[in-house]
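Residues per chain, in single letters:
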There are 4 protein chains.
Amino acid sequence: MCRWLAYTGSPVLVEDLLYKPANSLVMQSLHSHLGAEPTNGDGFGVGWYDDHSPVPGLFRSTEPAWNDQNLRELSAHARARVVLAHIRASSGSAVQQTNCHPFRHGPWLWMHNGVLSDFHAYKRDLVLAVDPELFPLIAGSTDSEVLFYLALTFGLEQDPPAAVARAVGFVEAAAARKHVPFPVQMTVCTTDGQRLWAFRYSSEGRSRSLFHSTDVAVLREQYPDNPTLHELSDSARLVVSEPLGDLRGAWREVPESTCVRIEQGREELTPFAPVAAATA
Amino acid sequence: MCRWLAYTGSPVLVEDLLYKPANSLVMQSLHSHLGAEPTNGDGFGVGWYDDHSPVPGLFRSTEPAWNDQNLRELSAHARARVVLAHIRASSGSAVQQTNCHPFRHGPWLWMHNGVLSDFHAYKRDLVLAVDPELFPLIAGSTDSEVLFYLALTFGLEQDPPAAVARAVGFVEAAAARKHVPFPVQMTVCTTDGQRLWAFRYSSEGRSRSLFHSTDVAVLREQYPDNPTLHELSDSARLVVSEPLGDLRGAWREVPESTCVRIEQGREELTPFAPVAAATA
Amino acid sequence: MCRWLAYTGSPVLVEDLLYKPANSLVMQSLHSHLGAEPTNGDGFGVGWYDDHSPVPGLFRSTEPAWNDQNLRELSAHARARVVLAHIRASSGSAVQQTNCHPFRHGPWLWMHNGVLSDFHAYKRDLVLAVDPELFPLIAGSTDSEVLFYLALTFGLEQDPPAAVARAVGFVEAAAARKHVPFPVQMTVCTTDGQRLWAFRYSSEGRSRSLFHSTDVAVLREQYPDNPTLHELSDSARLVVSEPLGDLRGAWREVPESTCVRIEQGREELTPFAPVAAATA
Amino acid sequence: MCRWLAYTGSPVLVEDLLYKPANSLVMQSLHSHLGAEPTNGDGFGVGWYDDHSPVPGLFRSTEPAWNDQNLRELSAHARARVVLAHIRASSGSAVQQTNCHPFRHGPWLWMHNGVLSDFHAYKRDLVLAVDPELFPLIAGSTDSEVLFYLALTFGLEQDPPAAVARAVGFVEAAAARKHVPFPVQMTVCTTDGQRLWAFRYSSEGRSRSLFHSTDVAVLREQYPDNPTLHELSDSARLVVSEPLGDLRGAWREVPESTCVRIEQGREELTPFAPVAAATA
């Protein structure tokens, strides 16, 4: 339903990520090639980590990304070593800033492409399982944000893959009690500004697309005219909903049911499976 | 924290209510005389009942009312026999349409001036008490909307004064368990499009201002230059956070801890007191 | 670049025009079939004439039409005998309310699909030709609004086809002086609330699509499940950028270089050609 | 009608200027002490110069500054050596981004507090005097932006005080031809990112307030709890519509009809007077 991009590496101008590539995320907001919907015009968000603060900056708007002049301005001046960006195609919940990804908690960001099917049938059960200390911080009405708070409840800050596995398992159990089949459809990205995790998973085993770039040399080939990327350290990595250019060879598809972990330019792919969790 | 206006009577153009009076609600958005805040610029909403549908129209925006061209246009063309209008001064929750009053459920509207103090301390307890069927319909993040859904849970559609009394009692009990004193500060208005109820109450007995107009003859005196109001039936009634003009004599203050009920041009004032309710 | 719809006939709820048809204008905002762009998400506008005032209501917003809750609400309650609606795909000028169509001057509305090519090369010459009394009323920055004010300058209120012919001729002459070939691409609609004119024209003779419905019996067939349209008088007429349903047979394409005039349910098609006008 | 702030000196976080002071510009958006209007809620803008580009970043929004989450986020992460910020109280023109200050042309920014009285009476004459090359770049509908383009036409980029003197003289002459007395009311700020000029002038000699801070030692005293300002170089300077704190002694009022020029931490005050200019 949405599209997203995550970058980690040496500092870059945000516009080099969001506007310069041929099939850039901002272009995808108007014409996505691989998305479930061609148009992702129901708001967007960018989170970026710089040296001013461990807490990332967060710019979110309900306008289509292709129209937002302020996004263009910010992107031309914000330099960051980790960037998460998301364009939204609402699956029904309101178009408002508090429903735009990424969501933030302290230094953590979270963004999601996909859906928790028939969410309203078991939303209450999920929300009740959220740590009461965290509960009042839920600001919007999306399935994605509730999934974030569930993951936080299950220990995201300590062990992200384990916490996401338990959160997904909890959602599947709650949905099963309401007889909702195949409830989870997701590619998720989360980071604390130092390490980054991406997950590709769906209950029915037919997940939304996800790709990662493994080699900066290939990435430089992808953007021959982009001097900034040519100055990148070898540690630069991208994870994206769909490739940013035509050279598909530059990107590797993340397999089904996989967790990608990136730290200091090294990626590690491990199998991902929900952990049954009937209660928090 | 906010200001509101409720009208019931023969059909009027909405602009006659929102723009024409000297101290109109739109003027109050920029310069309120009696409000806790002089500026009420954090969004607004109008609900109106016409003959097209039992479900009222609902126009809500995050812009300051004084700036909204579309409100001006709508008001010049919408003719209604019941109108609820609200201008917002946020006490902290996000400025977004789903947080703008009035809130709607079927043919019912609800709007609130005031605050549930230290709301986050017991928000979870209130939300858990909402009927699970209604729970997924909560769209925003305000105390006011949760109070509405509590009242619906406690039978608003059957007996509004009793339901509001139980809802307020439940809030006070939940707050007491968290050691929050004087949690409720409110003037509330609700209607099903046929009858209208307004409540003035606060836990500490120092409630926000509330006034009602009892006599159309006086109201006509209030707006000597407004031909529309001169065509009003004798059944027209207004309830407002603050008088719409300088002729204070035209308005009667609603006493503390009072419920005003208006039906077919007759108002009835009865004492209002919360009913202790530890559970729904 | 845009899509539009014009209705004249017995009073209808606006939602019956904007939301109910299979390929409704709101659907076209997300997925247009025949438009130069599939997405028309850069704002929208609706003008409607009712019995309250000779001046039409005008609701314009920079949000995508498919997202706008207030448009949905207004449409469910506004009943009108003439409706103009427009969804915008900007060809470069800012996304702001003053650039949304329709434009209004007294009882007149104007909307445009198309573009004045290389507008900035001769914008100044066009603006200088606008009646100095009208000049300060230009509120936005689009080619479409300047074309409206030129048409007003050339006598739109007296003789619309002649005024539009002179305005288009003036634009072509001004563009020629700047060596801009084929400057005008347009389907235009204008009305005073009583009569309605639509123009299909382009300098190069390859104009944007335009259709009209001539027979209410066919229209009723088009919407078998729409009771409102079944109550329409025989005088109802629609002019649209693209058909609102799959039954193409229900619509007649307006020929190139044609003016459609509709009054009291009768349409008249006449050839349209610019009139050379070097000065106002 | 508006309020503004200009900073030049060693790099600071924008939030240290916009949010931290006691009577900060964001606070003034809700409650201005010295403004012609207490509320400046009709949009805002921030321009900032950093080391990424000679062209400043420009963030403008139609929301009240006090509500804008994105302004808060940007301010917490943007570090700049020159900052111009403006909060708007519209004197009638539309609330839209293209009407928000500062206005930008290449590396130049421009912002204005005040009004050209009875602007519509001579707007056409001013616009016609704008360099035809610059004419199509006028994006909004304000008097302030037209004044900027007039100043650019009269040589702002070569000699700002002379260009502003001629622009103001031209406005006064054009207004005189329409029998408009005292047309100009202004405090204006302009910069190319290296040097900064501020003007206080009005045709009737009763100009809006303007203050400058001359000594960083005093400024540090003003913000005892603000560590960033304590790290400022001695070259830091502020020019503001009204003092940012209660210590009025820390600020010097700019006299009537004066130009302030700041370069590398040295300010120079010279008399300012319009230069009669009947034509460009």
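Residues numbered from 1 in each chain as written. Chains lettered and ligands numbered in written order. Predicted model: local features only at pLDDT ≥ 70, side-chain atom pairs only at ≥ 80, totals over all residues. Heavy atoms only, no water.

(A) How the structure looks around the interface of chain C and chain D. In this assembly, 15 residues from chain C lie in contact with 15 residues from chain D. Buried surface at the junction of chain C and chain D, both sides included, amounts to about 1,300 Å², of which 62% is carbon and sulfur. Applying the counting criterion to the chain C and chain D interface returns zero salt bridges. The tally of links between chain C and chain D comes to four residue pairs in polar contact (both at pLDDT 80 or more). A class-by-class count of the residues in the side of chain C that touches chain D yields nine nonpolar, four polar and two charged. (Contact = heavy atoms within 4.5 Å. Buried area = accessible area lost by both parts, 1.4 Å probe. Salt bridge = Lys/Arg side-chain N within 4 Å of Asp/Glu carboxyl O. Polar contact = N/O pair within 3.5 Å; in protein donor to acceptor, adjacent residues only side chain to side chain. Nonpolar A, V, L, I, M, F, W, Y, C, P; charged D, E, K, R; others polar.)

(B) Spatial organisation of the environment of Phe170 of chain D. All names here are of chain D. By secondary structure assignment, the location of Phe170 is in helix α6 (residues 160-177). Residue Phe170 is classed as buried on the basis of its relative accessible area, which comes to 4%. Measuring from C-alpha to C-alpha, the distance between Phe170 and Leu147 comes to 9.8 Å, with 23 residues separating the pair along the chain. (Helix = DSSP H or I, 4+ residues; strand = E, 2+ residues; numbered from the N terminus. Buried < 20%, exposed > 50% of the residue type's maximum accessible area, 1.4 Å probe, protein only.)

(C) Spotlight on the sheet that holds strand β12 (residues 258-263) of chain C. Residues and elements named next belong to chain C. Within the open sheet, the six strands sit side by side as β5-β6-β7-β8-β12-β13. Their pairing is antiparallel. The open sheet terminates on both sides in strands that have one partner only, identified here as β5 (103-105) and β13 (266-271). This sheet shows a mean twist of 15° between the axes of neighbouring strands, independent of strand direction. Pairing of strand β7 (residues 184-191) with strand β8 (residues 195-202), which is carried by seven bridges, proceeds in the antiparallel orientation. Bridging from a neighbouring strand, Met186 pairs with Tyr201 of β8. Across the face of the sheet, helix α6 (residues 160-177) comes into contact with β6 (108-116), β7, β8 and β12 while running at roughly 30° to β8. (Pairing = 2+ DSSP bridges. Axes fitted to C-alpha atoms, helices over the stretch in contact; angles between N-to-C directions.)

(D) View of the interface of chain A and chain D. On the side of chain D, 21 residues touch chain A, which itself brings 21 residues to the contact. When the two sides are added together, the surface that chain A and chain D hide from each other amounts to roughly 1,500 Å², 47% of it contributed by carbon and sulfur. Of all residues in chain A, His52, Asn70 and His77 of chain A give up the largest surface area on contact with chain D, accounting jointly for 40% of the area buried on that side. Applying the counting criterion to the chain A and chain D interface returns two salt bridges. Note that Arg104 of chain A and Glu73 of chain D form a salt bridge whose closest N and O atoms lie 2.7 Å from each other. Our enumeration of links across chain A and chain D arrives at 12 residue pairs in polar contact (both at pLDDT 80 or more). Sorting the residues of the side of chain A that touches chain D by element identifies β3 (57-61) and α3 (69-77) of chain A as the ones contributing at least two each. When residues in the side of chain A that touches chain D are grouped by element, the largest group, six residues, is from α3 of chain A.

(E) A look at the pattern of salt bridges. Residue and element names in this part refer to chain B. Tallying each qualifying case throughout the model produces 36 salt bridges over all chains. The residue Arg81 makes a salt bridge to Asp51 at a minimum N-O spacing of 3.9 Å. Here the residue Arg81 occupies a position in strand β4 (residues 79-87), and Asp51 occupies one in the loop between β2 (44-49) and β3 (57-61), the gap between them amounting to 30 residues. In this structure Arg81 comes out as partly exposed when scored by relative accessible area, which is 21%.

(F) Quick peek at the sheet that holds strand β11 (residues 252-253) of chain C. Read across the open sheet, the seven strands follow the order β3-β2-β4-β1-β10-β9-β11 (chain C); overall the sheet is antiparallel. Each of the sheet's edge strands pairs with one partner strand only, and the pair in question is β3 (57-61) and β11 of chain C. In this structure, strand β2 (residues 44-49) of chain C lies alongside strand β4 (residues 79-87) of chain C, joined through six bridges in antiparallel fashion. The residue bridging Gly47 of chain C from the neighbouring strand is Leu84 of chain C, located in β4 of chain C. Across the sheet, helix α3 (residues 69-77) of chain B lies against β2 and β3 of chain C, angled at about 150° from β3 of chain C, the strand it touches most.

(G) Structural context of helix α5 (residues 143-153) of chain D. α5 of chain D sits mainly inside the fold: 10 of its 11 residues count as buried. Where α5 of chain D is buried, its residues contact β5 (103-105), β6 (108-116), α4 (123-129), α6 and β7 (184-191) of chain D.

(H) Focus on α6 of chain C. Residues and elements named next belong to chain C. Over its 18 residues, α6 extends 26 Å from the first C-alpha to the last, a length consistent with the 26 Å expected when each residue adds 1.5 Å. Those residues of α6 that fall on the buried side of the exposure criterion are Pro160, Ala163, Val164, Ala165, Ala167, Val168, Gly169, Phe170, Val171, Glu172, Ala174 and Ala175. Buried residues along α6 sit against β6, α4 (123-129), α5 (143-153), β7 and β8. Phi turns positive one or two residues past the end of α6, at His179, with a value near 60°. (Expected span 1.5 Å × (residues − 1).)

(I) Seen up close, the relation of the copies chain C and chain D. It takes a turn of 180° to lay chain C on chain D, together with a shift of 0.0 Å along the axis; the resulting RMSD is 0.0 Å. Look at the turn and shift together and you get a two-fold axis relating the two. In this assembly, 100% of the residues forming the interface of chain C have copies in chain D that are likewise at the interface, indicating an isologous arrangement. (Least-squares fit on C-alpha atoms with pLDDT ≥ 70 in both.)

(J) Just the relation of the copies chain A and chain D, in detail. Mapping chain A onto chain D leaves a residual RMSD of 0.0 Å; the transformation is a rotation of 180° accompanied by 0.0 Å of translation along its axis. Both copies contact each other with a shared surface, as 100% of the interface residues of chain A are interface residues in chain D too.

(K) Inspection of the side chain of Glu145 of chain D at higher detail. Residue and element names in this part refer to chain D. Along the chain, the position of Glu145 falls in helix α5. Despite its burial, Glu145 pairs with no opposite charge, the nearest such side chain being Arg60 at 6.4 Å. Here Glu145 is in contact with Thr98, Phe103, Leu137, Ile138, Ala139 and Gly140, once residues within four sequence places are set aside. (Lys, Arg positive; Asp, Glu negative; His and termini not counted.)

(L) A look at the packing of helix α5 (residues 143-153) of chain B against helix α6 (residues 160-177) of chain B. All names here are of chain B. α6 packs onto α5 with a crossing angle of 125° between their chain directions and a minimal axis gap of 8 Å. When the axes of α5 and α6 are compared, the pair comes out oblique. The two elements α5 and α6 meet at a crossing, and its hand is right-handed. Seen from α5, the contacting residues are Leu147, Leu150 and Ala151; seen from α6, they are Ala163, Ala167, Phe170 and Val171. A per-class count over the contact of α5 with α6 returns seven nonpolar, no polar and no charged. (Parallel < 35°, antiparallel > 145°, perpendicular 65-115°, else oblique. Left-handed = near helix turned anticlockwise from the far one by under 90°.)

Take it as geometry only, folks, not as evidence of what the structure does.
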